[in-house]
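# Descriptive structure summary
Residue strings, one per chain:
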Amino acid sequence: MSRRRPNILAGFGSTVWLLVVGLPLYVMLVATFQNRADYGSNGPFALPEHFTLDNYVDDFNSGFGQYFLNTVIVTLSVVAIVVLLVAPLSYAIVRSRSRMTGLVFRLFLLGLAIPSQAVIVPMFFAMSEVGLYDNLIGIILPTAAFAMPVCALILTGVMRDITPELYEAMTMDGATHRRVFFQLVLPLSKSGLSTIVVFSALQAWNGFLFPLVLTQSAGSKVITMGLYDFQTEHGVDMPGMLAAVVLSMLPILLVYLFARRALVQGLMGVGGK
Amino acid sequence: MTTTATAVSADSKGVERSGRRPGRSREGAGRPGFAWAAPAAVFFGLFAIVPLALVVALSFASWNGLSDPEFAGLDNWKKLFDDPIMIKSLWLSLLLTLLGVVVQTPLSILLGVWAAGHQRNRAVLSAIYFVPLLLSATAVSVLWRAVLDPNFGVPAHAKWLFGDGNLFGMQSSAIGVLIFVSTWQFTPLHTLIYQGAARSVPRVLYQAAEIDGAGRYRQFFHITLPQLRNSVVTSMILMVVGGLTTFDTVLILTQGGPGTDTTISAYYMYQKAFKSFDYGAASAIGVMLILVATIISLVMVRLTGYDKMNSTMEGM
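## Digging into the overall build of chain A
In terms of helices and strands, chain A carries 13 helices and zero strands. Along chain A, from the amino end to the carboxyl end, the secondary structure elements read α-α-α-α-α-α-α-α-α-α-α-α-α. If you line up chain A on its principal axes, its C-alpha atoms span 75 × 70 × 30 Å. Of all 273 residues assigned to chain A, the portion counted as buried reaches 55%. For chain A, long-range pairs separated by at least 24 residues make up 71% of all intrachain contacts whose partners lie at least 6 apart in sequence. Counting only carbon and sulfur atoms, one obtains 65% of the accessible surface of chain A, whose full area is about 12,200 Å². If you average the places of the 16 positive and of the 14 negative side-chain charges in chain A, the two averages end up 23 Å apart.

## Overview of the confidence of the model for chain A
The predicted model of chain A has a mean per-residue pLDDT of 87, with 96% of residues at 70 or higher. Confidence scores differ between elements of chain A, with helix α13 (residues 260-272) of chain A showing the lowest mean pLDDT of 69 and helix α10 (residues 209-214) of chain A the highest of 95.

## A closer look at unusual backbone geometry
Pro258(B) follows Gly257(B) through a cis peptide bond whose omega is 0°. Turning to its location among the elements, Pro258(B) is positioned in the loop between α16 (248-253) and α17 (265-274). Here the phi dihedral of Asp134(A) falls at roughly 65°; this positive angle occurs in a residue that is not glycine. With respect to the element layout, Asp134(A) can be found in the loop between α5 (120-129) and α6 (136-160). For Asp134(A), a relative accessible area of 21% gives the class partly exposed. Of note, Phe277(B) is a non-glycine position whose phi angle comes to about 55°, a positive value. With respect to the helices and strands, the residue Phe277(B) is situated in the loop between α17 and α18 (279-304). Given a relative accessible area of 44%, Phe277(B) falls into the partly exposed group.

## Remarks on the pattern of salt bridges
Residues and elements named next belong to chain B. Counted according to the given criterion, the structure contains four salt bridges over all chains. Close ionic contact of Lys88 with Asp261 constitutes a salt bridge, the shortest N to O distance being 3.0 Å. Of this pair, Lys88 sits in helix α6 (residues 84-115) while Asp261 sits in the loop between α16 and α17, placing them 173 residues apart in sequence. A relative accessible area of 29% means that Lys88 is categorised as partly exposed.

## What to know about the packing of aromatic side chains
A full pass over the atoms with the stated rule returns 31 aromatic pairs over all chains. Arranged with centres 4.2 Å apart and planes meeting at 40°, the rings of Phe125(A) and Trp63(B) form a pair that is tilted. With Phe125(A) in helix α5 and Trp63(B) in the loop between β1 (61-62) and β2 (70-71), this pair bridges two chains. As far as burial versus exposure is concerned, Phe125(A) and Trp63(B) are alike and both buried. Between Phe247(B) and Tyr267(B), the aromatic rings sit 6.3 Å apart at their centres with planes inclined by 40°, giving tilted as the arrangement. Of the two residues, Phe247(B) is situated in the loop between α15 (229-244) and α16 and Tyr267(B) in helix α17; the sequence distance between them amounts to 20 residues. An aromatic cluster is defined as three or more aromatic residues linked by ring pairs; in this entry it consists of Phe124(A), Phe125(A), Tyr133(A), Phe208(A), Tyr228(A), Trp63(B), Phe247(B), Tyr267(B), Tyr270(B), Phe274(B), Phe277(B) and Tyr279(B). Above the face of the Phe168(B) ring, Arg145(B) is positioned so that its terminal group lies 4.2 Å from the ring centre.

## Focus: the packing of helix α3 (residues 54-95) of chain A against helix α8 (residues 177-188) of chain A
Residues and elements named next belong to chain A. Orientation of α3 relative to α8, taken along the N-to-C sense of each, is 100°, at an axis distance of 12 Å. The angle between α3 and α8 falls in the class roughly perpendicular. From α3, Ala87, Pro88 and Tyr91 reach across to α8, where they touch His177, Val180, Phe181, Val185 and Leu186. Taken together, the residues of the contact of α3 with α8 break down into seven nonpolar, one polar and no charged.

## Things to note about a nonpolar patch on the surface
Residues and elements named next belong to chain A. Taken together, Leu19, Leu23, Tyr26, Phe45 and Leu47 make up a surface patch of nonpolar side chains, about 480 Å² in accessible area. Relative to the elements of secondary structure, Leu47 occurs in the loop between α2 (36-42) and α3. For Leu47, a relative accessible area of 60% gives the class exposed.

## Re the nonpolar core
In terms of nonpolar packing, the biggest core is built from 176 residues, with Val82(A), Met148(A) and Leu212(A) touching the most fellow members. The residues touching Met148(A), leaving out its near neighbours within four places in the chain, are Val82(A), Leu85(A), Val86(A), Phe108(A), Ala40(B), Phe43(B) and Phe44(B). If you look at the next biggest cluster of nonpolar residues, it comprises eight residues, including Ile109(B), Ala197(B), Ala198(B) and Leu228(B).

## A look at α6(A)
Residues and elements named next belong to chain A. Between its first and last C-alpha atoms α6 spans 35 Å; for 25 residues at 1.5 Å apiece the expected length is 36 Å, and the two agree. A maximum bend of about 40° is found in α6 at Met148, where proline Pro149 lies one to four positions downstream. With 22 of 25 residues buried, α6 is to be regarded as a mostly interior element. The N-capping residue of α6, defined by a side-chain oxygen 2.9 Å from the backbone nitrogen of Ile137, is Asn135.

The rules behind the values
Residues numbered from 1 in each chain as written. Chains lettered and ligands numbered in written order. Predicted model: local features only at pLDDT ≥ 70, side-chain atom pairs only at ≥ 80, totals over all residues. Heavy atoms only, no water. Helix = DSSP H or I, 4+ residues; strand = E, 2+ residues; numbered from the N terminus. Buried < 20%, exposed > 50% of the residue type's maximum accessible area, 1.4 Å probe, protein only. Contact = heavy atoms within 4.5 Å. Areas by Shrake-Rupley, 256 points an atom, 1.4 Å probe, with all protein chains shown as cover. Lys, Arg positive; Asp, Glu negative; His and termini not counted. Charge placed at Lys NZ, Arg CZ, Asp CG, Glu CD. pLDDT = per-residue confidence, 0-100. Salt bridge = Lys/Arg side-chain N within 4 Å of Asp/Glu carboxyl O. Phe/Tyr/Trp six-rings, centres within 6.5 Å; stacked < 30°, edge-to-face > 60°. Lys NZ or Arg CZ within 6 Å of the ring centre and 35° of its normal. Axes fitted to C-alpha atoms, helices over the stretch in contact; angles between N-to-C directions. Parallel < 35°, antiparallel > 145°, perpendicular 65-115°, else oblique. Nonpolar A, V, L, I, M, F, W, Y, C, P; charged D, E, K, R; others polar. Patch = residues over 30% accessible without salt bridge, like charges linked within 9 Å, V, L, I, M, F, W, Y side chains within 5 Å. Core = buried A, V, L, I, M, F, W, Y, C linked by side-chain atoms within 4.5 Å. Expected span 1.5 Å × (residues − 1). Bend = angle between axes of the 7 residues up to and from the residue. Polar contact = N/O pair within 3.5 Å; in protein donor to acceptor, adjacent residues only side chain to side chain.

So, in structure tokens, the structure goes:
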């Protein structure tokens, strides 16, 4: 290994890509700390002349606090539903020999190919019909449902790696399914569980179409809707808008900074399996 | 041994299913019953499969959302294929998807293979690299809308590169922006896929190649690339389904414009439903999108023999 020459071409290419990714992020961050006049006259690359946090304060005063809270509620609920339902499902898929379970697994595989947009029309009417239109529950339920197929795929992949001997040993001791599930399967699937937590949380936090079609009033808006409204209503207030973008991603970015390795590995599993 | 075990558990299936509550004595010996899968199945059925069935049904109905839906046979479908905007939107969707695949695949393979190595600065670089993965399509679109704004953004300060043109005012540049933005956003995800796959290529292959005197580039083309073929299919299918269903990016960056020049099918479906209130036609577009995505995915799986190559999946 050590005798290899440095790969100059690869190093160059990756640096270029770093600039492509990094520059817009820099522009965004810097813009949020200056006022509109400075941004307009000095351009997007200049460092702020008069450092200010007003853009963030303004955003918070125009409802982003509420949107934030709503998004947190939606995200936590979606993650809870997905984990509570997908964990026993995956256990059944891996261990059960029931024909019904096999059928259910096929159904979920089919679900991988359904884009959520395709069902937006019936979803809109169903939610209006049962009185969940403009209600956070109306976003939570379909978002969780559409996050489930990938999560099931990830978790069954991990649970398949548990060796049959372990099941046999526990069963010999007379353990119930519940004990096998809680004392063997769950502890050994920690990596898969954290992956589906990450994946479903990202889905819920970043969701756009279901909130767009299924909510309306400020009281039930989520952060992506706040962003979209900002863009359509005050599109020329670039610093304010970019501050809203930063706010929308702040929690995830903080998690990323502290748990980068786990997050990236989790996301790696999404495509890798 | 295994066959008898299967037979026994199949026989006791009825018992397991009737006894919902895991009774200590009986169930411990067998396998978990359908009851463990039931809650997820019911939930998924209710919020994904039922709407799917409904959208298929609605595609054969005429409905404005107020009166009751009426059976209309193939009317929506005929209308669709006589609608020049619809046909154009379908081509645009396919074009954007194709361009996306062509641009992102080589880029993400190269970056993924690079990131799988052991360069000293790799950790630092990839920390920034993967940030776009975490952002919503909404945030990404708003960010780029601001960065590329003709009056306040980069183009106003880099006329030597952009001229005084409004990037969103011409079809070719608007499409270019959409491709660029989705590349910016999604290349990291595909890079991750390839990074994972490149790491799991058996080291012995490279050692053997080095003994044979193969250089870095020959190793890349003769070992790494062939070993990545399954990931290429996985990643391309993700790109195709993602590309065909792009929505937020178009809604925020171009609003389908100029004119209908970037009105892709998913956006056209949204307009049909929630701007023109023609829910039947919108449903038909939705069904068509599902069909096209499924067909392309199936063809890709078949053509590449992905379904017969399970062996290279090991260790992923």
